[in-house]
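So the chains spell out like this:
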Amino acid sequence: MSDALEPLPCDAPKGQSPANQLSSPDEPHQDNTEVAAASPVSDATRRPLITRRQALVAAGLATGAGLAVLTGTGPALVNLVQAARRPRPVTGSTFAFDTYCSFTVYGDDTAPAKLSAACARYDALFNLYDEGSDIARINRAGGAPTVVDPETAAVIARALELSTHLDGLFDISIGAVSTLWDFHTGIRPSDEAIAAALPHVGWRGIHVDEPVATVTLDDPAAKLDLGGIAKGFVADRLCELIRTETDASAAVISLGGNIAYVGGRPDGSPWTTGIRDPNEPGGDATVGTARTAGGTFVTSGLYERTFSDGGATYWHILDPNTGRPVQTDVVSDTVFGPSSTAADALSTALFVAGSARGAKLVDSIGETAAYFILADGDVAESSRWQELTGFEA
């Protein structure tokens, strides 16, 4: 997944650029929009809107039953008190899963450090290229049962469930082929190498025993690659961490192109998420805005990692049936739903499926929708996209 999906840059806190700061969870407005909302009164009946003590209470500087003191002083003061009582956001960031990860949390200043530590732990478990990771150990085991962390067993088991539902369009055994390609340095494997590796791709040969946390591969030469599901799984786990291990009332978790919301926006308005224009992958241009009460968005795009060789362009999303970059009418897709794990896997599978078949697949999953940007410049949507996201182009 990529950085193609970002909260809207218009709400970025002062002094921080959209490129390295979430902008969806903005702080309470500082432009007096709320506090100037009182109806005007005539000079004959005018009286101070707020006393010095009332202002101190509203700002949280006085102790005791401050709200009782402020009763009956007008709608502007009510708005001021509400704004003062909203939890202030605290932000944090880390680098994991080969991408920049950021967090904005409301109501618990200790949460970002916990989220960063969790990201480091999951990265160490799932990183295909870290020799000490669970995935690397499974791939080196030659088919022997490998004892892994329970979370590794859980993500692999979930991947197999999704592979079944998606008719193999998503396959974490793609590692036998994906490790031959290098989209950072521009290495294309030979046709012979791809043909030799392709028989070792097959999700049905992966077995997980979750009660004892072991993973076994039928094919000694098979290799796992969790690149199409790891960030989604982690995003779901981080949301659970926020709910169960912190006092936070709301949070936004951004793992590259995976955005997950916890709780409602503190000011009561919807969370706003902009879908970046794939024609400007390094810029801030968006093709539209979604407004939701929560949920998760995952965007994937062909432009994320590419290289050219011999006049041809190759992108990193591989078809598990061919071992080569997918041939598709989709340039970028965005999946919305309650599960970031499922949305992550779907966002990859939809490229293999194409927009028409992909929309039907999405419609078969409850409370889930997708938006496609096509190679011919057109767009397509699954049937529930507008209903679930309130999207405006």
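Structure report, in brief.

The rules we used
Residues numbered from 1 in each chain as written. Predicted model: local features only at pLDDT ≥ 70, side-chain atom pairs only at ≥ 80, totals over all residues. Heavy atoms only, no water. Helix = DSSP H or I, 4+ residues; strand = E, 2+ residues; numbered from the N terminus. Areas by Shrake-Rupley, 256 points an atom, 1.4 Å probe, with all protein chains shown as cover. Buried < 20%, exposed > 50% of the residue type's maximum accessible area, 1.4 Å probe, protein only. Pairing = 2+ DSSP bridges. Disulfide = S-S within 2.5 Å. Axes fitted to C-alpha atoms, helices over the stretch in contact; angles between N-to-C directions. Contact = heavy atoms within 4.5 Å. Expected span 1.5 Å × (residues − 1). Bend = angle between axes of the 7 residues up to and from the residue. Polar contact = N/O pair within 3.5 Å; in protein donor to acceptor, adjacent residues only side chain to side chain.

Concerning the overall build of the protein
And then number 1: The secondary structure content of the protein amounts to 12 helices and 16 strands.
And then number 2: Element-wise, carbon and sulfur atoms account for 52% of the exposed surface of the protein, whose accessible area totals about 17,500 Å².

Thoughts on the pairing of strand β15 (residues 369–374)
And then number 1: The element β15 is largely enclosed, with a buried count of six among its six residues.
And then number 2: As defined by bridge partners, strand β14 (residues 330–337) adjoins β15 across six bridges and the pair is classed as antiparallel. Bridged to V330 within β15 is L374.
And then number 3: Hairpin connection of β15 to strand β16 (residues 379–381): four residues between the antiparallel strands, including G377 at a positive phi of 90 degrees.

Things to note about the state of the cysteines
And then number 1: Counting across every chain of the model gives zero disulfides.
And then number 2: In this model C101 remains outside any disulfide bridge; the closest cysteine sulfur is found in C119, 4.7 Å from its own.

So, the sheet that holds strand β2 (residues 89–96)
And then number 1: The strand order across the open sheet formed by eight strands is β2-β3-β7-β8-β11-β14-β15-β16, and the pairing between neighbours is antiparallel. Strand pairing shows two members of the sheet lacking a second neighbour, β2 and β16, which therefore form its edges. When the angles between neighbouring strand axes are averaged without regard to direction, this sheet yields 10 degrees.
And then number 2: Packed on one face of the sheet, helix α9 (residues 230–245) meets β3 (99–106), β7 (250–255) and β8 (258–262) and runs near 160 degrees to β7.

Some details on the sheet that holds strand β5 (residues 206–209)
And then number 1: Pairing in this open sheet of three strands is antiparallel, and the strands run β4-β6-β5 from one edge to the other. If you trace the sheet from one side to the other, it starts and ends with β4 (146–147) and β5, each paired once.
And then number 2: Where β5 meets strand β6 (residues 214–217), four bridges bridge the pair, whose relative direction is antiparallel. Along β6, the bridge assignment pairs I206 with L217.
And then number 3: With respect to the sheet, helix α6 (residues 150–165) is in contact with β5 and β6, its orientation differing from that of β5 by roughly 130 degrees.

Some words on helix α10 (residues 340–353)
And then number 1: Compared with the 20 Å implied by 1.5 Å per residue over 14 residues, the 19 Å span of α10 between its first and last C-alpha is a close match.
And then number 2: Maximal helix bending in α10 amounts to about 25 degrees, located at S347.
And then number 3: The element α10 is largely enclosed, with a buried count of 14 among its 14 residues.
And then number 4: Where α10 begins, the side chain of S339 points an oxygen toward the backbone nitrogen of T341, at a separation of 3.4 Å.

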